[in-house]
Amino acid sequence: MSLLINPRDLNFLLYDLLEVESFCDWSAFGEHDRATFEAVIDAAYRLAEDGFAGHAARLDANEPTFDGERVHIIPEVAEALAAYIDSGFMGTAFPAEYGGLQMPYTVSQAIASLFTAANIGTAGYPFLTTAAANLLRVVGSEAQKQRYMVPMIEGRFFGTMCLSEPQAGSSLGDIRTRAAPQDDGSYRIVGNKMWISAGEHELSENIVHMVLARIDGASAGTRGISLFVVPKVRVNEDGSLGPGNDIRLAGLNHKMGYRGTVNTVLNFGDNGACEGFLVGEPGRGLAGMFHMMNEARIAVGMGASVLGYSGYLHSLAYARERPQGRPPGQADPESRPVPIIEHADVRRMLLTQKAYVEGALSLCLYCATLVDRLEHGPDVDDRRRLRDLLDILTPIAKAWPSEYGLKANDLGIQVLGGYGYTREYPLERLYRDNRLNPIHEGTNGIQAIDLLGRKVTMNQGRALQVLLREIRGTADRAAADTRIEDHARALGAAVDTVEQVTEALREAADEPARYLANASLYLDLLGRVVIAWMWLRQVQAAQRLDQTTEADFVAGKRQACQFFFRRELPAIEPLAALLIEHDDSALAMQARWF
Amino acid sequence: MKVMVSVKRVVDYNVRIQVKGDGSGVNLDGVKMSMNPFDEIAMEQAVQMKDAGTAEEVIAVTIGPAKAEEQLRSALAFGADRAIHVKTDEEIQPLTAARILAKLFEKEQPKVLLTGKQAIDDDANQTGQMTAALLDLPQATFASAIEFDGDKAKVTREVDSGLETIEVDLPAVITTDLRLNEPRYLKLPDIMKAKKKPIDAMSVEDLGIEEAVKLNVTKTAPPPEREPGVMVEDVNELVSKMKDKGLV
């Protein structure tokens, strides 16, 4: 049994719930069929399990080091990445014309999630590379694509995203890195960048940094920020490598988890010889980045879901095998101890994990299908609805899985008891790895503000209306099915609650601080409703499966759905009460009172 | 030379097999299926021969249900040039499989038939040997190293006493053991290309073979659960317990 993602479940989510097979009818994916997707995902399982999972613990225990000259990374990483590149995984979602396989984003995310679950530390390098390459695909010039993106798809160059600086993390408007225009059209880059994952290593011929900087004379704030491609080693016009590009590794950050992906502090242009090239238009750097933001945030949610998922499977396997204790009422000390899964409270912890991670994964994959439908779907008239759905769901797909995936890991540790607290078992590592996800790619607090402050209000609340209409549609259809009518009713009532809460919040729309004070509660509330929606849809899809041969799988889905509706969805009520009364417990608290 | 490789669709080696409640077999519903790992080693051997120029053509064959096409596509992604699918929904026992393979062998006239030493579903370890016998060809089983030299092959075999090297005349049947090689990871572009390679499908009847069921499975049961151990105070107690159980 796989300990990454249950293959039956992944297959169910992709084909039975999300009908990804139908994407092959679109011209962009006409070359593919379901068998190809399955074979490719199979190949990913294989490499993730055989080539990535094996050294995850060793890499975590032996994180990359810097001796002042070079970064040292255990050799298994390079071996695994060579196999990854050689197998063609770097280019799964890229267009065929650039050497990619032109797979749907949804399939490429499913593939990525397997490598994440197996070994996030090693997988971080190619993920950052595809992100950098994807940014060039969207906003780069043709020459930049050929010079930097294609070698990244080929796996010869790796990539990074250089946004944060020591003084400016979440607040990118405050970055100070400068770009001085040169006569030849290039720019001299000077500045310091912080938290740069995969910023320095010897795993690839070159490293392509995508850098945010201010062109000399540009205005303050976010509008003055431009995007640059800055290679570690200069690339000549013919593609050959030139001299170094004056980028210095100032030091490494030492993280709680995610340790295999080296995290760096980089100095650009200490000697005034760091050459960068403008990508897209001046002053449009953040716009370019934000274009990728939906996908990046979905990917974070996906990663959080599957780190939680893998922890769930590890704790499930343990619970099935670990004999300990006897059933309540069994007083005979000579009787056999039972596997701990026989204890109801252990099943509670396993079921909670299942409800969180399978729910979260379905939401992220659903969002990925929205990306595919928007970019390649045949129904052009439907794009506004799809865009609205994607916009409003993105902060939820980032924040909810990263909060509840982590809770799942916490429960996974608890299932293992003392062993879960040791480094001999992977649970504590998965927890530490997953702890990054509520922080990066916009903290969960920022996601909440994005949701309530922007997504809920934009276009007179159109996106929220679109989402709620979708959810209500599911509830209405489910109401006719006696097996799930209770859930349907509860979901319909939850939508009513969202409407009431949103309406009540609007009263404070003129006072931004008051309006946004409880944004996190709002995100949690809407997140629970959305995950409940996903669970109801999963059960609807599961009921279409063969009810005899797949009886256990279907029953498991039903039970997890019931669990979510009975124990997680009702939690929106106290949240709603706080939101409706504009509870000011946190807002009114004064800094000096602490 | 022309190389034929036979591959079988089996329950994936990662799956924990569950016996059906009524003892009529194991539960295969919704269970992940893969190419038999020993057959993957045979595939890898064939593809390495192709890479080295020893083999000009590699033909993958399978006997199984429509879904076994997945395993043939894997074989094609490995690097087989074409494939033959003998379709059947019946359970195929080793002798029938051997008859089918012998027939295909006569039709295709390869220099060597490579196949896994056994399939991990029933672990019969018979098909390769039976095929060689039916064809009256030399056989080299449990190969952990193979060297081709003209019309001969030198094969190192894994036997109970260690390793044994024998020489066989070609054509021959060679069955592959674990240490022969490490199968490659499939490349995604090769998976795409495999879709365009030809698969020749036929039925067992097309080959003029009757499926012979010679073996009847009367019951399938999981291994008995192990009884918990007992701590003994001393050797005397141990001996007397063993005597009680009739062990000494």
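The structure presented is a predicted model; accordingly, all values stated were derived computationally and were not measured.

### Quick look at the interface of chain B and chain A
Alright, step 1. Facing 22 residues of chain B, the contacting portion of chain A comprises 28 residues.
Alright, step 2. Broken down residue by residue, the surface that chain B buries against chain A is led by Tyr185, Leu188 and Met192 of chain B, which jointly contribute 32%.
Alright, step 3. Between chain B and chain A we count six salt bridges in total.
Alright, step 4. Across the pair glutamate 31 of chain A and lysine 196 of chain B runs a salt bridge whose closest N-O atoms are separated by 3.4 Å.
Alright, step 5. At the junction of chain B and chain A, the tally comes to ten residue pairs in polar contact (both at pLDDT 80 or more).
Alright, step 6. Classifying every residue of the side of chain B that touches chain A gives nine nonpolar, two polar and eleven charged.

### A look at the sheet that holds strand β11 (residues 199–203) of chain B
All names here are of chain B.
Alright, step 1. Read from one edge to the other, the open sheet built from nine strands follows the order β9-β8-β7-β10-β6-β1-β4-β5-β11, with strand pairing classed as mixed. Two strands in the sheet have a free side with no partner beyond their single neighbour: β9 (162–169) and β11. Ignoring strand direction, the axes of neighbouring strands in this sheet form an average angle of 30°.
Alright, step 2. As paired strands, strand β6 (residues 112–116) and strand β10 (residues 172–176) are joined by five bridges and run parallel to one another. Residue pairing for β10: leucine 114 is matched across the bridge by isoleucine 174.
Alright, step 3. Packing against the sheet, helix α2 (residues 69–78) makes contact with β4 (57–64), β5 (82–87) and β11, and its axis sits at approximately 165° to β5.
Alright, step 4. Across the sheet, helix α3 (residues 94–108) lies against β1 (2–6), β4, β5, β6 and β11, angled at about 150° from β4, the strand it touches most.

### Side note on the pairing of β10 of chain B
All names here are of chain B.
Alright, step 1. The buried fraction of β10 is high, at five of five residues.
Alright, step 2. As judged from the three bridges shared by strand β7 (residues 139–149) and β10, these two strands associate in the parallel manner. Each residue of the ladder has a partner; that of glutamine 139, found in β10, is valine 173.

### Thoughts on the pairing of strand β4 (residues 178–181) of chain A
All names here are of chain A.
Alright, step 1. Note: β4 against strand β5 (residues 187–197), four bridges, orientation antiparallel. Across the sheet, residue alanine 179 finds its bridge partner in β5, namely isoleucine 189.
Alright, step 2. As consecutive antiparallel partners, β4 and β5 are separated by five residues, and within that stretch glycine 185 has a phi angle of approximately 95°, a positive value.
Alright, step 3. Alignment of β4 against strand β6 (residues 206–215), held across two bridges, turns out to be parallel. Across the sheet, alanine 179 pairs through a bridge with isoleucine 215, a residue of β6.

### Here we look at helix α16 (residues 551–568) of chain A
All names here are of chain A.
Alright, step 1. Here α16 contains 18 residues, and its C-alpha end-to-end distance of 25 Å stays within 8% of the 26 Å for a straight helix at 1.5 Å per residue.
Alright, step 2. Buried residues of α16: Phe553, Val554, Lys557, Ala560, Cys561, Phe563, Phe564, Phe565 and Glu568, and no others.
Alright, step 3. Buried-residue contacts for α16 involve α1 (7–17), α8 (344–376), α9 (383–416), α13 (485–506), α15 (519–542) and α17 (572–580).

### Details of the pattern of salt bridges
Alright, step 1. Per the stated rule, a full pass over the model turns up 58 salt bridges over all chains.
Alright, step 2. The residue aspartate 60 of chain A makes a salt bridge to arginine 432 of chain A at a minimum N-O spacing of 2.7 Å. Here aspartate 60 of chain A is found in helix α3 (residues 56–61), whereas its partner arginine 432 of chain A is found in helix α10 (residues 427–434), with 372 residues between them in sequence.
Alright, step 3. Owing to a relative accessible area of 8%, aspartate 60 of chain A belongs among the buried residues under this scheme.
Alright, step 4. Residues aspartate 169 of chain B and lysine 152 of chain B are paired through a salt bridge, measuring 2.8 Å at the closest nitrogen-oxygen approach. Note that aspartate 169 of chain B is positioned in strand β9 and lysine 152 of chain B in strand β8 (residues 152–159), a separation of 17 residues in sequence.
Alright, step 5. Here the salt bridges share partners, and the residues they tie into one network are Asp9, Lys354, Glu358 and Lys557 of chain A.

### Quick word on the domain arrangement of chain A
All names here are of chain A.
Alright, step 1. Taken domain by domain, chain A consists of domain 1 (7–153), domain 2 (157–282) and domain 3 (443–594).
Alright, step 2. Here domain 1 and domain 2 have C-alpha centroids that lie 23 Å from each other.
Alright, step 3. Across the domain 1/domain 2 interface, buried area totals approximately 2900 Å², and carbon plus sulfur atoms make up 70% of it.
Alright, step 4. Three residues, Tyr125, Arg147 and Tyr148, lead the burial of domain 1 against domain 2; their summed loss comes to 22% of the area buried on that side.
Alright, step 5. There are one salt bridge connecting domain 1 and domain 2.
Alright, step 6. Between glutamate 202 and arginine 70 there is a salt bridge; the shortest N-O distance is 2.8 Å.
Alright, step 7. Between the two partners, domain 1 and domain 2, sit eight residue pairs in polar contact (both at pLDDT 80 or more).
Alright, step 8. Listed by contribution, the elements that provide at least two residues to the side of domain 1 that touches domain 2 are α3, β1 (65–66), α4 (75–87), α5 (105–139) and α6 (142–153).
Alright, step 9. Ranked by residue count, the leading element in the side of domain 1 that touches domain 2 is α5, at eleven residues.
Alright, step 10. Grouping the constituent residues of the side of domain 1 that touches domain 2 by class yields 21 nonpolar, six polar and four charged.

### A word on the packing of helix α2 (residues 34–52) of chain A against α5 of chain A
How two helices pack is summed up by the angle between their axes together with the distance between the axes.
All names here are of chain A.
Alright, step 1. For the pair α2 and α5, interaxial distance at closest approach is 9 Å and the crossing angle is 0°. With respect to α5, the axis of α2 lies roughly parallel. Along its contact with α2, which presents Phe37, Val40, Ile41, Ala44, Tyr45, Leu47, Ala48 and Phe52, the element α5 presents Val107, Ala110, Ile111, Leu114, Phe115, Ala118, Asn119, Thr122 and Ala123.
Alright, step 2. Within the contact of α2 with α5, the residues separate by chemical class into 15 nonpolar, two polar and no charged.

Conventions we followed
Residues numbered from 1 in each chain as written. Chains lettered and ligands numbered in written order. Predicted model: local features only at pLDDT ≥ 70, side-chain atom pairs only at ≥ 80, totals over all residues. Heavy atoms only, no water. Contact = heavy atoms within 4.5 Å. Buried area = accessible area lost by both parts, 1.4 Å probe. Salt bridge = Lys/Arg side-chain N within 4 Å of Asp/Glu carboxyl O. Polar contact = N/O pair within 3.5 Å; in protein donor to acceptor, adjacent residues only side chain to side chain. Nonpolar A, V, L, I, M, F, W, Y, C, P; charged D, E, K, R; others polar. Pairing = 2+ DSSP bridges. Helix = DSSP H or I, 4+ residues; strand = E, 2+ residues; numbered from the N terminus. Axes fitted to C-alpha atoms, helices over the stretch in contact; angles between N-to-C directions. Buried < 20%, exposed > 50% of the residue type's maximum accessible area, 1.4 Å probe, protein only. Expected span 1.5 Å × (residues − 1). Domains from an automatic or database assignment. Parallel < 35°, antiparallel > 145°, perpendicular 65-115°, else oblique.

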